[in-house]
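One letter stands for each residue in the lines below.
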Amino acid sequence: MAESIPSPSAASAVTRGSFLAAIFLMATSAIGPGFITQTATFTAKLGSAFAFAILASILIDFVVQLNIWRITALTRRNASDTANAAIPGAGYFLAVLILVGGLAFNVGNIAGAGLGLNAMFGLDPKIGGAASALLAIGIFLSRRAGLLLDRAIIGLGILMIAMTLVVAFTTNPPVGEALRQTFMPDVIDFATITTIVGGTVGGYITYSGAHRLLDKGLVGEENLAAVTRASLTGIAVTGVMRFVLFLAILGVVASGVTLDLSSQAANPAAQAFAAALGDWGMRIFGVVLWAAAITSVIGAAYTSVSFLTVFTRLDDRTRSIATVIFICFSLLVYIAMGTAPAAILVFVGGFNGLILPIGLSIFTYVGFARPDLMGGHRYNRPLLIASAIVCALTWYMGWKSVGAIFAFLGM
């Protein structure tokens, strides 16, 4: 029997679905439980001035994601293979950093899932974290793992954004003051910016969408324009979500509510949602946090394991098994740790912010000096200059804030 060939319209729909899945994988990875907890913590500390840190994170995000997605598409290699081809051994080093950072993130993601189910149902956070990890494992073990992964990421991402919009409209935040301090902040805190950048584009998050497109075969110069549009769309989605979440919590803080940041068990984001809508607010917070967490568990595991291919080639089945092992190990570390979940979630963002400039430096070098790895393509110079500036900035921010980031573990 002759093999059926999909019609152009069907093929186009599949391609659009693949780009949409990559957009949401990047966006939901960037809007994880760490960012939610960090936003509540820093909004309580800085008030409207935190808007500047969010703007800085979005601008850095634009430059980082746009360059990583485009260069990955042109090289037709995952990040670690590109790094090894550019600088022998660099890919192994980058892979180890991403795996360690991804593990740290995933411990925080599982913690966030546990906190979400605790807010929704009063379930013990460690039991909730274990149940959520098992759900993620079930998705990867499914024979239709790819389809389930894409649909779960998109559906939960839309749910999370919708729920947060409800709270933002309810709290009536001081939008004018927030806009002013977005561009003229009263306070600039490098540790805060590095932590937020790390939590939204650091570590594995930088490569999540790019590697998903690579797995779908949407690479090469012929797909460059579509990859660029998808990257910009994903960043726009995350940017809107970040400001909406910030405004939701700012409205609570501006109304005179004091969020408790001193207790080891403090959960400032939950306090803000509860102050806005009472018991229903706590339930909505639980849904938002759990959706953010479970999508980030999936994204962190999927992307981190994709870096293992630099050490050995993995078929689809072996890769799924490796992903399951990664999630199980993350769960065991979370259960064994005594650190409060909220403290973990703030720390891992900063930790991955310290990893970010290393990978970005390698990709910036590839863009400037290795057109041979990109099929002879002469990469866009203005984008490369912006990448070099952001690279220097993230190195500086990391150097200035490394001590403060590790101090978050003592919150």
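None of these values were measured; they are calculated from a predicted model.

Calculation criteria
- Residues numbered from 1 in each chain as written.
- Predicted model: local features only at pLDDT ≥ 70, side-chain atom pairs only at ≥ 80, totals over all residues.
- Heavy atoms only, no water.
- Helix = DSSP H or I, 4+ residues; strand = E, 2+ residues; numbered from the N terminus.
- Buried < 20%, exposed > 50% of the residue type's maximum accessible area, 1.4 Å probe, protein only.
- Contact = heavy atoms within 4.5 Å.
- Areas by Shrake-Rupley, 256 points an atom, 1.4 Å probe, with all protein chains shown as cover.
- Phe/Tyr/Trp six-rings, centres within 6.5 Å; stacked < 30°, edge-to-face > 60°.
- Patch = residues over 30% accessible without salt bridge, like charges linked within 9 Å, V, L, I, M, F, W, Y side chains within 5 Å.
- Salt bridge = Lys/Arg side-chain N within 4 Å of Asp/Glu carboxyl O.
- Axes fitted to C-alpha atoms, helices over the stretch in contact; angles between N-to-C directions.
- Parallel < 35°, antiparallel > 145°, perpendicular 65-115°, else oblique.
- Left-handed = near helix turned anticlockwise from the far one by under 90°.
- Core = buried A, V, L, I, M, F, W, Y, C linked by side-chain atoms within 4.5 Å.
- Polar contact = N/O pair within 3.5 Å; in protein donor to acceptor, adjacent residues only side chain to side chain.
- Nonpolar A, V, L, I, M, F, W, Y, C, P; charged D, E, K, R; others polar.

Chemist: Whenever I open this one, the overall build of the chain confuses me. Can you help?
Modeler: Helix and strand counts for the chain come out as 15 helices and 0 strands. Scored against the burial criterion, the 411 residues of the chain give a buried share of 59%. Taking contacts inside the chain between residues at least 6 apart in sequence as the whole, the part at least 24 apart equals 86%. For the chain, the exposed surface amounts to about 15600 Å²; the carbon and sulfur share of it is 68%.

Chemist: Hey, could you run me through the packing of aromatic side chains in this one?
Modeler: To describe a pair of aromatic rings, one takes the distance between the centres and the angle between the planes. Under the criterion given, the structure shown has 7 aromatic pairs. Between Phe-42 and Phe-50, the aromatic rings sit 5.9 Å apart at their centres with planes inclined by 45°, giving tilted as the arrangement. What makes Phe-42 buried here is its relative accessible area of 2%. When the centroid spacing of 6.5 Å and the interplanar angle of 75° are considered together, the rings of Phe-243 and Phe-246 count as edge-to-face. Of the two residues, Phe-243 and Phe-246 are both situated in helix α11 (residues 224-254); the distance of 3 residues between them amounts to about one turn of the helix. The rings of Phe-42, Phe-50, Phe-243 and Phe-246 are connected pair by pair, giving a single aromatic cluster.

Chemist: Just to check I follow, could you spell out a nonpolar patch on the surface for this structure?
Modeler: A cluster of nonpolar side chains, contributed by Ile-188, Phe-190, Leu-393, Tyr-396 and Trp-399, occupies part of the molecular surface with about 520 Å² of accessible area. Among the secondary structure elements, Leu-393 is positioned in helix α15 (residues 381-407).

Chemist: Help me understand the packing of α11 against helix α12 (residues 268-306) in this model?
Modeler: Running from N to C, α11 and α12 cross one another at 70°; their axes reach a closest spacing of 9 Å. One element, α11, and the other, α12, form an angle in the roughly perpendicular class. The chirality of how α11 crosses α12 is left-handed. Residues Leu-245, Ile-249 and Val-252 of α11 form the contact with α12, whose participating residues are Ala-272, Phe-273, Ala-275 and Ala-276.

Chemist: I keep staring at the nonpolar core and nothing clicks. Help me out?
Modeler: Side chains of a nonpolar character, in soluble globular proteins, are inclined to be buried together. Counting residues in each nonpolar core, the largest one holds 127 residues, and the members touching the most others are Ile-36, Val-64, Trp-69, Tyr-207, Phe-246, Phe-285 and Ile-327. It is α12 that contributes the most residues to this core, 20 residues altogether. The contact partners of Phe-246, leaving out residues within four places of it in the chain, are Thr-39, Thr-43, Gly-47, Ser-48, Phe-50, Ala-51, Ile-54 and Ala-178.

Chemist: Would you take a moment to explain unusual backbone geometry for this structure?
Modeler: Most peptide bonds take the trans form, and the phi angle of most residues other than glycine is negative. We note that Arg-76 has phi near 60°; this positive angle belongs to a residue other than glycine. Within the element layout of this structure, Arg-76 appears in the loop between α3 (50-75) and α4 (79-86). The exposure class assigned to Arg-76 is partly exposed, which follows from its relative accessible area of 48%. Non-glycine residue Asn-172 carries a positive phi angle of around 50°.

Chemist: Explain the environment of Phe-273 here, please?
Modeler: Mapping Phe-273 onto the fold places it in helix α12. Residue Phe-273 is classed as buried on the basis of its relative accessible area of 1%. Ignoring anything within four residues of it in the chain, the contact list for Phe-273 reads Val-167, Leu-245, Gly-278, Gly-281, Met-282, Ile-284, Phe-285 and Val-288.

Chemist: Even after reading the chapter, I still don't get the pattern of salt bridges, so can you show me in this structure?
Modeler: Where side chains of opposite charge bring their charged atoms close, a pairing between them can arise. Enumeration over the complete set of coordinates arrives at 8 salt bridges. Arg-180 is the partner of Glu-177 in a salt bridge, and the nearest nitrogen-oxygen pair spans 2.8 Å. Note that Glu-177 and Arg-180 are positioned in helix α8 (residues 175-183) at a spacing of 3 residues, about one turn of the helix. Given a relative accessible area of 31%, Glu-177 falls into the partly exposed group. Salt bridges here are not isolated pairs; linked through shared partners, they connect Glu-177, Arg-180 and Asp-186.

Chemist: What should I look at first to understand the side chain of Ser-80 in this one?
Modeler: Mapped onto the elements of the fold, Ser-80 is located in helix α4. You can call Ser-80 buried: its relative accessible area is 0%. Only 3.0 Å separates the side chain of Ser-80 from the side chain of Asn-78, close enough to count as a polar contact. Those residues within four positions of Ser-80 in sequence are excluded, and the remaining contacts are Gly-91, Ala-95, Phe-307 and Val-310.

Chemist: Explanation requested: the packing of α3 against α11 in the structure shown.
Modeler: Helix-helix packing is characterised by the crossing angle of the two axes and by the distance between the axes. Remark: α3 packs on α11, axes separated minimally by 9 Å, with the N-to-C direction vectors making an angle of 160°. The angle between α3 and α11 places the two elements in the roughly antiparallel class. Pair α3 / α11 crosses with right-handed handedness. Considered class by class, the residues forming the contact of α3 with α11 number 17 nonpolar, 6 polar and 3 charged.

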